[in-house]
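The lines below spell out each chain.
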Amino acid sequence: AFGHHENWERQWRNPEPKKRYDVIIVGGGGHGLATAYYLAKEFGVKNVAVIEKGWLGGGNTARNTTIVRSNYLWDEAARLYNHSLDLWKGLSQDLNYNVMFSQRGVLNLGHTLQDMRDIQRRVNANRLNGIDSEVVTPQQVKEIEPELDISNRARYPIMGASWQKSAGVARHDAVAWGFARGADSHGVDLLQNTEVTGFKIRDGKVLGVHTNRGDIEAHTVGCVAAGNSGVLAKMAGIKLPLESHPLQALVSEPLKPILNTVTMSNHVHGYVSQSDKGDLVIGAGIDGYLGYGQRGSYPTIEHTLQAIVEMFPMFSRVRMNRQWGGIVDTCPDACPILSKTKVKGLYFNCGWGTGGFKATPGSGHVFAASLAKGEMHPIAAPFSIDRFHTGALIDEHGAAGVAH
Ligand code: FAD
Ligand code: PYC
C-alpha cells in the first residue's frame, strides 16, 4: 500500500551481529531499548547490541495499556517511578520522536472505608516524596470524570479517590521506536529475530551469549526480558522469585471523546482510559494461572467488563473490537528486580509485572548507569535480588493498580 512512497529512510539499520560487544542487552522491549539508548548517549558505551528474539517492542511494550503515574507508597518505589515521570516529561524532545505523552491525570477510586484509609495514607506518603497526589471527594471525582456513576445505586458506591494530575498515558509503540531509533543513531546494533539460547559462563563470569545466529561475546550482559526472565535466568543457573502470568487488555470500537482522564478501581477491579483514536482502553487483573501463551481466558474478560459497566453504566452497549494478552513477570512484593547476580557481569532488570511501562525511561536510565559503572545506581540499589534474603521487601501491592 505504501509502494508509491519513495526514499523513505529506514528508522534503524539491520546489522549483522559482531563477534564481540562491550555490553549485550537481551530483550528489545522498551526497557532494553531505553537501557541501550542511555548507555550510548549518556554513558559513552557505544559498542552495544540489543538482542531480540522477535521484533522490537513486540512483547509487553506492545501489549500494555500505557498508564504512566508515580503514586507509589514506599520511598524507594516513589523515587524510581518519579525519576521515570521526570524523564517522560522531556522524552519526545530528547528522542526527537513524538511519544504522545499526555498528562491527563489518574483517578484511583475508593469504595470502602478501608480503601479510603489506604488512599489517605498513600497520598500522605506521596506528598512527603514531592508527588502531586491529593484525596478527592465523590463530587470532585464527578467534576474530573462526569460519566462516572457516583450515585448510591452502585453496588460499590464511590467514596472518594486519589488524584495524580501529572499522570497520564503515552503511545507505547512510539516509545519503543523512539528509543530504538535513538540507540541506533548512537551506534547500537539492534539484532532482531535473534534468540538468546544460553550463556557462556566460565569461573563465575559471563563471557557472552549463545544465540540462534551463533555465539556473541561480551563481559557485561543485561537481561531485560519481562515474562521470559525466569527462563533466561534458569539458563544461567539462577532461580528468580518470579511468576509469569497472562495479563489481558481489550479495546472498544472508536467513540467520540468521552473520557478526560484514566480511571482505575482496585476494588471493583477494572480500569479504563480513551486513546486518541477514540477506543476505550480497558483492563483489569492477571489471569490466575501461570503460562507463556499471550492470550488469557474468558472469565477475566467478563469480570473486567462487569467492572467497567459498574463504574460507567453508559458503556453497557459499547462493542469491543480487540482483545490480547501479554506475559507479566510478577514478584512477591510487586516491585521490580534491578540487580547484579552471582554470575559476575550478568545483570537482570525484570519483575515489573503489571506496571513497568510507566517506568520505561527511568528503568533504562538507572540500569544503563549501573551497567556502565559496574555498581548499581542508588535509585536501583534497593531493588536487588538480595532483598529476598535480607527481608527488605518493598511491598507495593496496594499501589500496583491491578491485583496480583
Ligand atoms: P517487553 O516489552 O516484554 O520486552 C522484553 C523482550 O524480551 C520481548 O520483546 C521478548 O521477545 C524479548 N525476549 C524474551 N526472551 C528472549 C530471548 N531468550 N532472547 C531474546 N529476546 C528475548 N505497565 C504500566 O506501567 N502501565 C500500564 O497501563 C500497563 N498495562 C499493561 C497491560 C497489559 C495487558 C500488559 C500485558 C502489561 C501492562 N503493563 C503496564 C506492564 C508493562 O507492559 C511491562 O511491565 C513493560 O512493558 C515491560 O517492558 P519490557 O521492555 O521489560 O518488556
Ligand atoms: O501499573 O498503572 C499500572 C497499570 C494499569 C494497568 C496495568 N498496569
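Above this note sits the structure.
Residues numbered from 1 in each chain as written. Chains lettered and ligands numbered in written order. Predicted model: local features only at pLDDT ≥ 70, side-chain atom pairs only at ≥ 80, totals over all residues. Heavy atoms only, no water.

What to know about unusual backbone geometry
Part 1: Unlike most non-glycine residues, Asn 193 shows phi in positive territory, near 50 degrees.
Part 2: Structurally, Asn 193 can be placed in the loop between β8 (189-191) and β9 (196-202).
Part 3: One non-glycine residue with positive phi stands out, namely Ala 334, at about 55 degrees.
Part 4: Checked against the element boundaries, Ala 334 lands in the loop between β17 (320-330) and β18 (337-340). (Helix = DSSP H or I, 4+ residues; strand = E, 2+ residues; numbered from the N terminus.)

Details of the sheet that holds strand β4 (residues 106-110)
Part 1: Taken together, the eight strands give an open sheet; going across it, the order is β5-β6-β4-β14-β15-β16-β13-β17, and neighbouring strands pair in mixed fashion. Unpaired on one side and paired on the other, β5 (133-136) and β17 mark the two borders of the sheet. When the angles between neighbouring strand axes are averaged without regard to direction, this sheet yields 20 degrees.
Part 2: With four bridges joining them, β5 and strand β6 (residues 160-164) adopt antiparallel strand pairing. From the neighbouring strand, Val 136 faces β6, where its bridge partner is Ala 161.
Part 3: Each of β4, β5 and β6 touches helix α5 (residues 113-128); the most contacted strand, β5, lies at about 150 degrees to it.
Part 4: Against the sheet, helix α9 (residues 298-311) engages β4, β13 (243-252), β14 (262-265), β15 (270-274), β16 (280-286) and β17, with an angle of about 125 degrees to β16. (Pairing = 2+ DSSP bridges. Axes fitted to C-alpha atoms, helices over the stretch in contact; angles between N-to-C directions. Contact = heavy atoms within 4.5 Å.)

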